[in-house]
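So you can see what is in the structure, the chains are spelled out below.
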Amino acid sequence: MSAVVEDKSKRLGRWYFGGLASAGAACCTHPLDLVKVALQTQQGKLSVVQLTAKVVREQGVLALYNGLSASVLRQMTYSMTRFGIYEVGKKHINTDTFLGKITLASLSGCFGGIVGTPADMVNVRMQNDVKLPAEQRRNYKNAIDGLIKVYRQEGFKRLFSGATTATGRGVLMTVGQIAFYDQIKSMLLATPHFQDNLATHFTASLAAGAIATTLTQPLDVLKTRSMNAKPGEFKGLWDIVKFTARLGPMGFFKGYIPAFVRLGPHTIITFVFLEQLRLNFGITPLQKA
């Protein structure tokens, strides 16, 4: 009697796979994220190459990994939440339609943005330290040290500074990444030219990365400025909008190229890792989670 060969493509992901995949991707793309933050917060005219060279020249190559612990913590809170809710939510919201995917992704991104705000703030601050004079740096030892210092020195409320823009960005990011990835992947698999393999995962995630970058860049710039601001520097979100608008319409898309250069590979690596986790360690339809 011949053994039944399982079709791995039918396997479902576990709720925490997205957080693990995102954390792995963050370790690969962190230097690009650091340069993006530095570009968004500077008021000067340094290019990507000039700014990167300046950081390496003054502080060494390892400075490009400043704030890595915060970046990983952010993915394990922000991405774990949004991917987890999306995966579990599929049982309750019909994602066979694109509208269903967008609805669930928006809900997932909203909660992910809120949960991930404290780690996101520390991440932005630790990355921004590399371009500040030594006497102005916050010098957090790691993500946990940063969270404790913000709480003690600035209060609990400050941990959620920028939560409005972070939540809005989380919604747009999750729609751009997860909903569009799911939709594009489904469309590709519906043709005779694609199977559930690396080529399909790469193509769908590259497109999703470009869409997500375009949707989120204006809010990303505002979020970065809000989280990096000194207490009392801005009166509110509208004050940050006016400050950014002084640079012209393109001020809201400052750092777009490095943002895409970072988010594109990050999205690709995240979904490639995620799909490999699903195919190799996922749940079969008959198996309980």
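Just above, that's the structure.
Notes on the structure follow. Just so it is clear, the structure is predicted and the values come from calculations on it, not from any experiment.

Let us look at empty space enclosed by the protein. Evaluation of the coordinates by the stated rule reveals 4 cavities of 30 Å³ or more. Estimated volume of the largest cavity: approximately 70 Å³. Around the largest cavity, the lining is made up of 13 residues, and of these Asp33, Lys36, Asp120, Asn123 and Lys223 lie nearest the centre. Of all elements in the fold, only α1 (17-41), α4 (98-128) and α7 (198-228) reach the threshold of two or more residues within the lining of the largest cavity. In terms of residue count, the dominant contributor to the lining of the largest cavity is α4 (4 residues). Among the residues forming the lining of the largest cavity, the class breakdown is 2 nonpolar, 3 polar and 8 charged.

Quick look at the environment of His266 now. Here His266 shows up in helix α9 (residues 256-281). What makes His266 buried here is its relative accessible area of 3%. Counting along the chain gives 235 residues from His266 to Pro31, while the straight-line C-alpha distance between them is 11 Å.

So, on to the nonpolar core. A general tendency of soluble globular proteins is for nonpolar side chains to be buried together. Core analysis: the largest hydrophobic core is formed by 17 residues, its most contacted members being Phe271 and Leu274. The element that contributes the greatest number of residues to this core is helix α6 (residues 163-189), accounting for 6 residues. Grouped together as the second largest cluster of nonpolar side chains are 12 residues, Val122, Val124, Tyr140 and Ala143 included.

This part is about the state of the cysteines. For the coordinates displayed, the defined rule picks out 0 disulfides. Counting only cysteine sulfurs, Cys28 is the nearest neighbor of Cys27, a cysteine outside any disulfide, at a range of 6.7 Å. On the accessibility criterion, Cys27 (37% relative accessible area) is partly exposed.

Pairing of side chains with opposite charge becomes possible as their charged atoms draw close. Here the structure, examined in full by the defined rule, presents 11 salt bridges. Measuring nitrogen to oxygen at the nearest pair gives 2.8 Å for the salt bridge that ties Glu275 to Lys185. Placement of Glu275 in helix α9 and of Lys185 in helix α6 is noted, with a sequence separation of 90 residues between them. Of the residues examined, Glu275 reaches a relative accessible area of 4% and is grouped as buried. On the accessibility criterion, Lys185 (12% relative accessible area) is buried. Between Arg278 and Glu275 there is a salt bridge, and its shortest N-O distance comes to 2.7 Å. Linking Arg278 with Glu275, this pair stays in helix α9, spanning 3 residues, or about one helical turn. Residue Arg278 shares its accessibility class with Glu275, and that shared class is buried.

Scoring rules and cut-offs
Residues numbered from 1 in each chain as written. Predicted model: local features only at pLDDT ≥ 70, side-chain atom pairs only at ≥ 80, totals over all residues. Heavy atoms only, no water. 1 Å grid on protein atoms, 1.4 Å probe; cavity = no way out; pocket = protein on both sides within 12 Å on 5 of 7 lines; lining within 4 Å. Points joined across faces, edges and corners; volume = space filled by probe spheres on them. Helix = DSSP H or I, 4+ residues; strand = E, 2+ residues; numbered from the N terminus. Nonpolar A, V, L, I, M, F, W, Y, C, P; charged D, E, K, R; others polar. Buried < 20%, exposed > 50% of the residue type's maximum accessible area, 1.4 Å probe, protein only. Core = buried A, V, L, I, M, F, W, Y, C linked by side-chain atoms within 4.5 Å. Disulfide = S-S within 2.5 Å. Salt bridge = Lys/Arg side-chain N within 4 Å of Asp/Glu carboxyl O.

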